[in-house]
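# Close look at the chain arrangement
Each chain, letter by letter, is given below.
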Amino acid sequence: ASLLLSLNLHAVQLITPKEAQLPAASGALNTRGIARGPGIKVISPDPAAADIKSPFDLKVQFESRGGNKIDPAAVKLTYLKATAVDLTPRLKGAITETGIDFSKAEVPPGEHAVKITVKDVEGRETNTVLNLIVTK
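Cut-offs used in this document
Residues numbered from 1 in each chain as written. Predicted model: local features only at pLDDT ≥ 70, side-chain atom pairs only at ≥ 80, totals over all residues. Heavy atoms only, no water. Buried < 20%, exposed > 50% of the residue type's maximum accessible area, 1.4 Å probe, protein only. Helix = DSSP H or I, 4+ residues; strand = E, 2+ residues; numbered from the N terminus. Pairing = 2+ DSSP bridges. pLDDT = per-residue confidence, 0-100. Contact = heavy atoms within 4.5 Å.

## Quick word on the pairing of strand S4 (residues 56-63)
Side chains Phe-56, Leu-58, Val-60 and Phe-62 of S4 all project onto a buried face; the interleaved residues Asp-57, Lys-59, Gln-61 and Glu-63 project onto a face where none is buried. Two elements, strand S2 (residues 39-44) and S4, share 5 bridges in a ladder whose sense is antiparallel. Note on S4: the bridge partner recorded for Lys-41 is Gln-61.

So, in structure tokens, the structure goes:
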């Protein structure tokens, strides 16, 4: 397990400039309104912040419901573009059943929408969209 934990002393590219230039996703985003799925709470960057400086620490807290544990293997982060970009492999070492703790996420300036999907061991799913407005 200690091999999975790496110290991020340098910023890590969460979204590349090339990915940021992809066409925006179109259509309505379907999020399921079932309240029994796990809770997702974005701690950092502050979701209310108008401008975020890169690199930033990405911290997300998962809240299990009904005593069901979160399945870390089922957590997914997707950059919402016309062709969705799976960011999950870049965050693998930072995802646990309690949340995501990813230091020094490097994201190019601009507006970015990242969908976070969390499932518990019973298969109940919750989605949320993290909208990032990154300034230089």
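## A closer look at the confidence of the model for the protein
For the protein, mean pLDDT is 87; residues scoring 70 or higher make up 86% of the total. Taken element by element, the protein is modelled with least confidence in strand S1 (residues 12-13), mean pLDDT 87, and with most confidence in strand S5 (residues 76-79), mean pLDDT 97. Contacts of residues 1-8 to residues separated by more than four positions or lying in other chains number 5 contacts, the stretch itself having pLDDT below 50.

## Structural notes on unusual backbone geometry
Here the bond from Ser-44 into Pro-45 is cis, since omega is 0°, no more than 30 degrees from zero. Structurally, Pro-45 can be placed in the loop between S2 and strand S3 (52-53). Cis geometry marks the peptide bond from Ser-54 to Pro-55, where omega comes out at 0°. Here the phi dihedral of Lys-104 falls at roughly 55°; this positive angle occurs in a residue that is not glycine. Position of Lys-104 relative to the elements: it lies in strand S8 (residues 99-106).

## A word on the environment of Pro-108
Within the element layout of this structure, Pro-108 appears in the loop between S8 and strand S9 (110-119). Separated by 87 residues in the primary sequence, Pro-108 and Gln-21 place their C-alpha atoms 9.8 Å from one another. Excluding anything up to four places from it in sequence, Pro-108 contacts Gln-13, Ile-15, Thr-16, Pro-17, Ala-20 and Val-134.

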